[in-house]
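One-letter residues, chain by chain:
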Amino acid sequence: MDSSLGGKIKKESDDGDHTRLSTREKKGHQKRSVGLILFFLLPFWMFLLWFFSPCVEKSVFIMDKTVPNQNFQEHKAFFWVLRYLKWVKPDDSFYNPSDDYYGFFPVEPGLSYFVDDLEHVNSQDLELLADSVDMAVFLDGYGVYRQDWWGRRDGDEISRLYGGISLQDIRFLELLQSQGKPAMAEFSFLGSPTPYDVRRRIEKSFNLKSTGWTGRYFDDLDILNTDIPRWIFETYQEQYDTIWELKGPGTILVHENGTILILQAEKHLRTYWPVVSTDKAWQKKLRVPDEIRYPFWFEIIAAGPEYTMISEFYLDVTEAGDSLLSLHNVPNAFPATLIRREPSPFLYYAGDFSDTRVNLRTAHLWGIQYFRSLFYNEGEPLDRDKFFWDYYINVTKGFLRGDVWGR
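Residues numbered from 1 in each chain as written. Predicted model: local features only at pLDDT ≥ 70, side-chain atom pairs only at ≥ 80, totals over all residues. Heavy atoms only, no water.

### Observations concerning the overall build of the protein chain
Then step 1. A count of helical and extended segments in the protein chain gives 10 helices and 18 strands.
Then step 2. The buried share of the protein chain, reckoned over its 407 residues, is 50%.
Then step 3. Looking at the protein chain alone, contacts between residues at least 24 apart form 72% of all its contacts between residues at least 6 apart.
Then step 4. Here the protein chain displays about 20300 Å² of accessible surface, and carbon together with sulfur accounts for 53% of that area. (Helix = DSSP H or I, 4+ residues; strand = E, 2+ residues; numbered from the N terminus. Buried < 20%, exposed > 50% of the residue type's maximum accessible area, 1.4 Å probe, protein only. Contact = heavy atoms within 4.5 Å. Areas by Shrake-Rupley, 256 points an atom, 1.4 Å probe, with all protein chains shown as cover.)

Below, the structure written as C-alpha cells:
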C-alpha cells in the first residue's frame, strides 16, 4: 500500500477514535453536571415535599420550667418534631419554641424574666383549658438556678430561682387523664425539686415512682471539668473524706439524700457510657436501633404493671461496678422509655431527651432523616445529636401519631 495512503487512513482512524472519545467525555461531563445539579437541588425538592404535605391542626399544651437562656435548647427537639410533622395551632400557625410553651421565660438572661404557668389558674379555667387542648407535654421540670441564671460556676450554695412540678400541674394532667387525652412527660418530672406531696400525688395518679437516683456520663472526671457541678466535688470529698483525684471517663450517680457513686471506665464500666437498649418488637415498630449511647442526664425510676417498657437504660458494669451498685441497691438496668395505654395514653422519658441543639430549619426538609449521619459525630461520645436523629425523632413521632398506644 502506498505509504501516503496508509498515513491518511491511519489519520482518519485516529480522528474517528478521538471524535468518539470526545463524545463519550462530553456525555460523561453532562451526566456529572446533571448529577451535581440534582444534588444541589435536592434540598429544594425536599422542602417542596414538606411544604405541600398537609398540616395537622392540634392544640398541644407544652410546659418547660428549665429555660435559662434564649436558645430554648431544653425543648427545641420536641418543637422540631412538631414542625416536621406540620402540626399547627388552631390559628394555623406553627408552634414556636420561643413563645408557645408555659413555664419560665428569660427576657434578658441574668437580668429579667417572667413566669407563665398554671399556678394562678382557678379550677374553672383549668377545666376549660383541659377541655380545649388535644394533649399535654411536660418537658424539663428541673427549673432555673441562680448560678446558671447568672452564669456562675463557683461553689456557692445552690439556690433555685424557679422550678419543680406543682400540684396544679398534676391536677391539670388528671383532668386530661379523665378525658382519655394523651400526655407525655420526661426527666425531672418525678424527682427533685418536685415537692414530696406532689410526688405522692404522681405516684397515686400515674403509678410512677422516683428512686431518688439521677446520673450522667462525663468524658473526663477531672476536677477542672466545668460540666461537672461544683457541689458534686465538695459533697464527694466530704462523704468519703478524701481529695477528688479522679480522671478519665465515667458515670456519676447522685441520690437526692446526697450520696454520690462514681462508676469509672474500665474499673467499674466495660462500656463507658449508659446505653439505651430497645426490645426487638419496638425496634421494628419505631425504626430505632437495638442499642444507642446516651451521654446526658437520666433518672432511675420504677413503674407499675400497666406500663410497657419500650427501651431501658443499661450500665455495662464490671464485677467491681456490680458490687458497688448492689451495695446501694442500684440496678444496672432500668426504664428509659415507658408507655401506658389506659386510662389515657401516657409516655414517659426517664432522660433529658428533649434537650438538644438541633437546627429547626432542618425540620422543613422532607426525608431529612435519610441524611442524618451528616448531623452528628459518631466518634464523639458526648454528642447527643446521634440520639436525637436515630432515636428521639422516631419515638416521639410514634407517640404523637398514636403508633405506640393505638387509636
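### A short note on a nonpolar patch on the surface
Then step 1. Side chains of Leu49, Trp366, Tyr370, Phe371 and Leu374 sit close together on the surface and give an oily, nonpolar patch of about 620 Å² of accessible area.
Then step 2. As for its position among the elements, leucine 374 is in the loop between strand 18 (346-349) and helix 10 (385-401). (Patch = residues over 30% accessible without salt bridge, like charges linked within 9 Å, V, L, I, M, F, W, Y side chains within 5 Å. Salt bridge = Lys/Arg side-chain N within 4 Å of Asp/Glu carboxyl O.)

### Details of the packing of aromatic side chains
Then step 1. Scanning the entire structure with this criterion turns up 44 aromatic pairs.
Then step 2. With a centroid separation of 5.4 Å and 90° between ring planes, the pair formed by tryptophan 80 and phenylalanine 388 is classed as edge-to-face. Of this pair, tryptophan 80 sits in helix 2 (residues 76-84) while phenylalanine 388 sits in helix 10; the two residues are 308 residues apart in sequence, bridging distant segments of the chain.
Then step 3. The exposure class of tryptophan 80 is buried, given its relative accessible area of 0%.
Then step 4. Ring centres of phenylalanine 104 and tyrosine 113 lie 4.6 Å apart, and the angle between their planes is 25°; on these two criteria the pair is classed as stacked.
Then step 5. For tyrosine 113, a relative accessible area of 35% puts it in the partly exposed group.
Then step 6. Its guanidinium or amino end placed over the ring of tyrosine 196, arginine 199 lies 4.5 Å from that ring's centre, counting from NZ or CZ.
Then step 7. The ring of tryptophan 273 carries arginine 293 above its face, with NZ or CZ at 5.9 Å from the centroid. (Phe/Tyr/Trp six-rings, centres within 6.5 Å; stacked < 30°, edge-to-face > 60°. Lys NZ or Arg CZ within 6 Å of the ring centre and 35° of its normal.)

### Quick word on the environment of asparagine 394
Then step 1. On the secondary structure map, asparagine 394 appears in helix 10.
Then step 2. Spatially, the C-alpha atoms of asparagine 394 and arginine 287 are 6.8 Å apart, while their sequence positions differ by 107 residues.
Then step 3. Ignoring anything within four residues of it in the chain, the contact list for asparagine 394 reads Leu286, Arg287, Val288 and Gln369.
Then step 4. At a separation of 3.3 Å, a polar atom in the side chain of asparagine 394 contacts the side chain of glutamine 369. (Polar contact = N/O pair within 3.5 Å; in protein donor to acceptor, adjacent residues only side chain to side chain.)

### Considerations on the sheet that holds strand 10 (residues 208-218)
Then step 1. The four strands are arranged 12-11-10-15 in an open sheet whose pairing can be described as antiparallel. Pairing within the sheet leaves two strands with one partner each, and these edge strands are strand 12 (260-264) and strand 15 (298-303). Strand-to-strand twist across the sheet, computed as the mean angle between neighbouring axes with direction ignored, equals 25°.
Then step 2. Relative to strand 11 (residues 250-255), strand 10 is paired through six bridges, and the arrangement is antiparallel. (Pairing = 2+ DSSP bridges. Axes fitted to C-alpha atoms, helices over the stretch in contact; angles between N-to-C directions.)

### Examining the nonpolar core
Generally speaking, a soluble globular protein has its nonpolar side chains buried in company with each other.
Then step 1. Membership of the largest hydrophobic core comes to 106 residues, with the highest contact counts inside it found for Phe78, Trp80, Phe138, Phe172, Phe189, Ile252 and Tyr392.
Then step 2. Ranked by residue count, the leading element in this core is helix 10, at nine residues.
Then step 3. When neighbours within four sequence positions are excluded, phenylalanine 78 is seen to be in contact with Val60, Ile62, Val137, Leu139, Met184, Ser354, Tyr392, Thr396 and Leu400. (Core = buried A, V, L, I, M, F, W, Y, C linked by side-chain atoms within 4.5 Å.)

### Overview of the environment of tryptophan 149
Then step 1. Tracing the backbone shows tryptophan 149 in helix 4 (residues 146-149).
Then step 2. The class of tryptophan 149 is buried, set by a relative accessible area of 6%.
Then step 3. Each C-alpha atom of the pair tryptophan 149 and asparagine 69 lies 7.8 Å from the other, and the pair is 80 residues apart in sequence.
Then step 4. When neighbours within four sequence positions are excluded, tryptophan 149 is seen to be in contact with Pro68, Phe104, Pro106, Glu108, Pro109, Gly110, Leu111, Ser112, Tyr113, Val144 and Leu161.

### Some details on the pairing of strand 13 (residues 275-278)
Then step 1. Where strand 13 lies against strand 14 (residues 291-293), three bridges are found, and the strand directions are antiparallel. In the strand pairing of strand 14, valine 276 is matched with isoleucine 292.
Then step 2. Direction of pairing for strand 13 relative to strand 16 (residues 307-314): antiparallel, over a ladder of four bridges. From the neighbouring strand, threonine 278 faces strand 16, where its bridge partner is serine 311.

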